[in-house]
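Coordinate analysis (summary)
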Amino acid sequence: MIIIKKYCILLFILLISAAGYAAERVEGTILYPDKAVKVTLLIPTGLFGGGPDVQAMQRGIRYLDENGKKKKLKPSQAQAFTFNYKGHDFTMVSHDYSSGLFGRSVFMLLVIDGRAKMYEYTVTNSRGGGPNMPMSTTTTTHTLIQLPGQPLYEPTLIGFKKRMAEYFRDCPELAGLIAQKELRRRDLDEIVIYYNDKCR
């Protein structure tokens with residue numbers, strides 16, 4: 001009975017490991033400063049095919065070059081890579097966010113494109129796991145925005161009204177909506193879309 005339990009645990013571990021390595025071949029494009037290269041991306045999807053694992057691609061993406069050779073693209077090596085997965089477009093943009101939680105260049109998911117851009121990246125932290133302390137993990141998705149010629153900015157809940165009204169000071173109408181609390185932290189996507197559609 002003990003042997004059977006050990007095999008079950010081993011099988012479970014192997015399944016979890018396989019989930020992390022499962023990938024689908026998808027045609028995509030790597031964007032360099034001076035060119036765009038068509039490649040076959042190896043998109044991590046997990047064992048059960050739940051769609052692209054964006055968090056797994058933040059540190060890099062494996063791909064097949066024109067000769068079928070497997071390579072890995074790191075965030076420091078390109079500006080971005082793009083692909084379409086079952087009708088949905090994905091763009092992962094390289095950013096040197098050394099002051100952030102990653103502490104180095106990462107690929108961030110482009111959520112809204114335009115003069116103002118919105119990005120997301122996800123961080124998973126683990127703690128515990130010692131004697132009498134079960135392992136626990138927390139996953140947090142950070143949302144960042146960027147205006148033309150400006151560094152990435154992560155809006156915070158504390159001081160949101162004042163800081164964001166100042167951030168969008170070049171668009172008085174939008175700054176006014178934020179200052180009057182007609183647009184709040186939860187409306188960040190609407191704020192970015194408003195800027196792109198109505199601010200010049």
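Summary of the structure given here.

In terms of regular secondary structure, the protein chain is built from five helices and nine strands. If you list the helices and strands of the protein chain from N to C, you get α-β-β-α-β-β-β-β-β-β-β-α-α-α. A burial count over the protein chain gives 39% of its 200 residues as buried. Total accessible area computed for the protein chain in this model is approximately 12,800 Å², and 54% of it derives from carbon and sulfur atoms.

Per the stated rule, a full pass over the model turns up one disulfide. Sulfur-sulfur distance for the disulfide between Cys-171 and Cys-199 comes to 1.9 Å. The sign of the -60 degrees torsion about the S-S bond sets the Cys-171-Cys-199 disulfide as left-handed. Linking Cys-171 in the loop between helix H3 (160-167) and helix H4 (172-179) with Cys-199 in the segment after helix H5 (188-198), this pair joins segments that are 28 residues apart in sequence. For the pair formed by Cys-171 and Cys-199, the shared burial category is buried.

On the surface, Arg-25, Arg-59, Arg-62, Lys-70, Lys-72, Lys-74 and Arg-104 cluster together into a patch of positive charge. Structurally, the position occupied by Lys-72 is in strand S4 (residues 70-73). For Lys-72, a relative accessible area of 41% corresponds to the partly exposed category.

Quick notes on the rules
- Residues numbered from 1 in each chain as written.
- Predicted model: local features only at pLDDT ≥ 70, side-chain atom pairs only at ≥ 80, totals over all residues.
- Heavy atoms only, no water.
- Helix = DSSP H or I, 4+ residues; strand = E, 2+ residues; numbered from the N terminus.
- Buried < 20%, exposed > 50% of the residue type's maximum accessible area, 1.4 Å probe, protein only.
- Areas by Shrake-Rupley, 256 points an atom, 1.4 Å probe, with all protein chains shown as cover.
- Disulfide = S-S within 2.5 Å.
- Patch = residues over 30% accessible without salt bridge, like charges linked within 9 Å, V, L, I, M, F, W, Y side chains within 5 Å.
- Salt bridge = Lys/Arg side-chain N within 4 Å of Asp/Glu carboxyl O.
- Lys, Arg positive; Asp, Glu negative; His and termini not counted.
- Charge placed at Lys NZ, Arg CZ, Asp CG, Glu CD.

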